[in-house]
Amino acid sequence: VPADFSQPLDTQVKSTLEKVDALLKEAGTDKSKLISAQLWLKSMDDFGAMNDIWIDWLDPDNKPVRACVEAPMAHPDILFEAMIIAAK
């Protein structure tokens, strides 16, 4: 989830992906070893904007399997959430 729920979608997505980068590094891996990603949006109206950021963030040589769905979030201000699985 993003660090600051009050921020707009682009900041929430970037913040969440920065957290993913940090967690991958802590686990001894990186986004070049992604296997799958599950992405949740509060509104699919935000898919295009989120997808542009997602594509820019990915390793272009290793695009994981991905699912993206609209879902109600645990907090009403969360616009984006991600669950990533990576190899070591």
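Thresholds, definitions, all that
- Residues numbered from 1 in each chain as written.
- Predicted model: local features only at pLDDT ≥ 70, side-chain atom pairs only at ≥ 80, totals over all residues.
- Heavy atoms only, no water.
- Axes fitted to C-alpha atoms, helices over the stretch in contact; angles between N-to-C directions.
- Helix = DSSP H or I, 4+ residues; strand = E, 2+ residues; numbered from the N terminus.
- Parallel < 35°, antiparallel > 145°, perpendicular 65-115°, else oblique.
- Left-handed = near helix turned anticlockwise from the far one by under 90°.
- Contact = heavy atoms within 4.5 Å.
- Buried < 20%, exposed > 50% of the residue type's maximum accessible area, 1.4 Å probe, protein only.

Caption draft 1: Geometry of the packing of helix α1 (residues 9-26) against helix α2 (residues 47-57). Remark: α1 packs on α2, axes separated minimally by 9 Å, with the N-to-C direction vectors making an angle of 30 degrees. With respect to their mutual orientation, α1 and α2 come out roughly parallel. α2 is crossed by α1, and the crossing has right-handed handedness. Mapping the contact onto sequence places L9, D10, V13, K14, L17, V20 and D21 in α1 and A49, M50, I53, W54 and W57 in α2.

Caption draft 2: Focus on the environment of D77. Here D77 lies in the loop between β2 (65-70) and β3 (80-86). Exposure remark for D77: the relative accessible area of 39% places this residue in the partly exposed category. Residues D77 and P8 lie 69 residues apart in sequence; the distance between their C-alpha atoms is 9.3 Å. In this view, D77 contacts F5, Q12 and K42; residues no more than four positions away in its chain are not counted.

Remember that the coordinates give geometry; whether it matters functionally is a separate question.
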